[in-house]
Amino acid sequence: MIEDAAARRLIVVGTGLIGTSIALAMRDQGAQVLLTDRDAAALAMAVELGAGDRLPDEAGAGPADLAVLAVPPAAVAVTLLDAQKRGLATAYTDVASVKALPLAQAAELGCDLTTFVAGHPLAGRERSGPGAARADLFLGRPWALCAPPEATPETVAAVTGLVRACGGMPVEVDAAEHDRAVALVSHGPHVVSAAVAARLTGADDTALGLAGQGVRDVTRIAASDPRLWIGILSANSAPVADVLEAVATDLAVAASLLRDGSEEAAAHVADLLLRGNAGRSRIPGKHGGDQPAYATVQVVIPDRPGELAMIFQAAGIAGVNIEDVTIEHSPGRPLGVLELSVVPEAAERLAAELRARGWSVPG
């Protein structure tokens, strides 16, 4: 149920993926949630999904405990000013993925920053809109909080309570530092993914038919809504440009060395690949800290209902926890290869259990 510091009456402005997911999470915690959106269709869907009730034109029950502004970065400041003029809530936060520019714009407009804490949940999906929303979207996910110096302790407590009620992990960070960080780990990689995916627009059927898991992994996030992302990139342009220029330099050097074709040039390219290994290893594991070394158990599975459920059931019977899972489908064939990541000491036990139940497990 709701913590003492969390909002018991919440207003969500914007019923896209994040706003609706917050509303669903808070409804699960017993909060009263009121919704508003300029997009009537999105608002209607969010209400139908049970995320909350429509915010009436004249709210007669007084201000809410907290208003969440789930709007694009460029709209945060003007939406905050409007909400404060209407007296929608006693405290306010946003969920935009850029923090420094909206805070600067809010100060220029004369918003009351004593009642505002900028926020950014580091959670999302390739799909957008209320139909993609999930109440568990934020479970265990970091949620950046960038409180301006003027923010009162009560405001900070209210926003922190919201984060914890949604299952997120509050992380206090300076706005400029936040923007540099997300440029490196989110915004820059999105543009790189899009650049790789864009090369596929002119690909012939032979190349596309040979597409494997590698290109799918690299281009997965390129499927996100371009309209949403141009707003994000424009609001965080300088830090993202820094990241892209650094990546472009590495790629240009690698291209030049590959054209050289000498053994010495190949050694320099190998250095980039090794640095890639080192950087990848620094990404925290699922429980934080260093990434553990897992063993992979491969299973050939037919594409039919219930197959995954039976494999997971077999893992449970074997007493093996599955740490991660991926599926690589076989083009043109009704089967695929399931890769189950487990702790090394459990790999053979799981493989034996699956073989005993009739699945093909290589190795």
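Just so you know, these numbers come straight off a predicted model, no measurement behind them.

Q: Quick rundown of the environment of Asp136? Include the residues and the values.
A: For Asp136, the position within the fold is in the loop between strand S6 (116-121) and strand S7 (142-146). Taking the C-alpha atoms as reference points, Asp136 and His268, separated by 132 residues in sequence, lie 44 Å from one another.

Q: Break down the sheet that holds strand S9 (residues 295-302) for me, citing the residues and quoting the values.
A: One open sheet accounts for three strands, arranged S9-S11-S10; its pairing is antiparallel. Each edge of the open sheet is held by one strand with a lone partner, namely S9 and strand S10 (324-329). On average, each strand axis in the sheet is inclined to that of its neighbour by 20°, with strand direction left out of account. Direction of pairing for S9 relative to strand S11 (residues 335-342): antiparallel, over a ladder of eight bridges. Pairing of Ile301 across the sheet is with Gly336, part of S11.

Q: Any chance you could break down a nonpolar patch on the surface for me, citing the residues and the numbers?
A: The grouping of Val192, Val196 and Val218 at the surface amounts to a nonpolar patch, some 180 Å² of accessible area in total. One can find Val192 in helix H6 (residues 175-198). For Val192, a relative accessible area of 31% corresponds to the partly exposed category.

Q: Which residues make up the pairing of S6, and what are the values?
A: Of all six residues in S6, six are buried; the element is thus mostly enclosed. Alternating residues of S6 divide into Phe116, Ala118 and His120 and Val117, Gly119 and Pro121, and every residue in both groups is buried. Where strand S5 (residues 92-94) meets S6, two bridges bridge the pair, whose relative direction is parallel. Residue pairing in the sheet places Thr93 in a bridge with Val117 of S6. Tracing the backbone out of S5, into helix H4 (residues 100-109) and back to the parallel element S6 gives a crossover that is right-handed. For S6 and S7, the ladder comprises four bridges, and the chain directions are antiparallel. Bridged to Gly119 within S7 is Leu145.

Q: Kindly report on the pattern of salt bridges, identifying the contributing residues and their values.
A: As enumerated under the stated definition, the model contains nine salt bridges in all. The shortest N-O distance in the salt bridge between Arg355 and Glu348 comes to 3.5 Å. Look at Arg355 and you get partly exposed, because its relative accessible area is 32%. Connected through shared salt-bridge partners, Asp250, Asp271 and Arg275 make up one network.

Q: So what's going on with the sheet that holds strand S1 (residues 9-13)? Residues and values would help.
A: Pairing within the open sheet is mixed, and its eight strands lie in the order S3-S2-S1-S4-S5-S6-S7-S8. Whereas interior strands pair on both sides, the edge strands pair on one side only; in this sheet they are strand S3 (53-54) and strand S8 (169-172). Where S1 meets strand S4 (residues 66-69), four bridges bridge the pair, whose relative direction is parallel. Bridging across to S4, Leu10 finds its partner in Leu66.

Q: Provide a residue-level description of the environment of Leu200, including the pertinent values.
A: By secondary structure assignment, the location of Leu200 is in the loop between H6 and helix H7 (205-209). Overall, Leu200 belongs to the partly exposed group, its relative accessible area being 35%. Taking C-alpha positions, Leu200 is 31 Å from Val297, a pair spaced 97 residues apart along the chain. Those residues in contact with Leu200 that sit more than four places away from it in its chain are Leu208 and Val215.

Q: Report on the packing of aromatic side chains, specifying residues and quantitative values.
A: Counted under the stated rule, the structure contains one aromatic pair. With a centroid separation of 5.0 Å and an interplanar angle of 45°, the aromatic rings of Phe138 and Trp143 are classed as tilted. Residues Phe138 and Trp143 agree in their burial class; the two are buried.

Q: Which residues make up the nonpolar core, and what values do they have?
A: Judged by nonpolar contacts, the single largest core of 35 residues is most densely connected at Leu10, Ile22, Met26, Trp143 and Leu162. Those elements giving two or more residues to this core turn out to be S1, helix H1 (17-28), strand S2 (32-36), helix H2 (40-48), S4, S7 and helix H5 (153-165). For this core, the element with the most residues is H1, which contributes seven residues.

Q: If you had to explain the packing of H6 against helix H10 (residues 237-260) to someone new, which residues and values would you point to?
A: The geometry of H6 relative to H10 is characterised by a closest axis approach of 8 Å and an angle of 55° between their N-to-C directions. Classified by the angle between their axes, H6 and H10 sit oblique to one another. Once H6 is placed against H10, the crossing between them reads as right-handed. The segment H6 lies against H10, with Asp179, Arg180, Ala183, Leu184, His187, Gly188, Val191 and Val192 engaging Pro239, Val240, Val243, Leu244 and Val247. Partitioned by chemical class, the residues of the contact of H6 with H10 number nine nonpolar, two polar and two charged.

Q: Talk me through the environment of Gly276; I want residue IDs and the actual numbers.
A: Looking at the element boundaries, Gly276 is found in helix H11 (residues 263-281). Between the alpha carbons of Gly276 and Arg349 there is a distance of 33 Å; along the sequence they are 73 residues apart.

Q: Tell me about helix H3 (residues 76-86), and please be specific about residues and values.
A: Within the span of H3, buried status applies to Val76, Ala77, Thr79, Leu80, Leu81, Ala83 and Gln84. Buried-residue contacts for H3 involve S1, S4, S5, H4 and S6. Once H3 ends, the next one or two residues include Gly87, with phi positive near 65°.

So, how was this worked out
Residues numbered from 1 in each chain as written. Predicted model: local features only at pLDDT ≥ 70, side-chain atom pairs only at ≥ 80, totals over all residues. Heavy atoms only, no water. Helix = DSSP H or I, 4+ residues; strand = E, 2+ residues; numbered from the N terminus. Pairing = 2+ DSSP bridges. Axes fitted to C-alpha atoms, helices over the stretch in contact; angles between N-to-C directions. Patch = residues over 30% accessible without salt bridge, like charges linked within 9 Å, V, L, I, M, F, W, Y side chains within 5 Å. Areas by Shrake-Rupley, 256 points an atom, 1.4 Å probe, with all protein chains shown as cover. Salt bridge = Lys/Arg side-chain N within 4 Å of Asp/Glu carboxyl O. Buried < 20%, exposed > 50% of the residue type's maximum accessible area, 1.4 Å probe, protein only. Right-handed = clockwise from strand over helix to strand, strands pointing away. Contact = heavy atoms within 4.5 Å. Phe/Tyr/Trp six-rings, centres within 6.5 Å; stacked < 30°, edge-to-face > 60°. Core = buried A, V, L, I, M, F, W, Y, C linked by side-chain atoms within 4.5 Å. Parallel < 35°, antiparallel > 145°, perpendicular 65-115°, else oblique. Left-handed = near helix turned anticlockwise from the far one by under 90°. Nonpolar A, V, L, I, M, F, W, Y, C, P; charged D, E, K, R; others polar.

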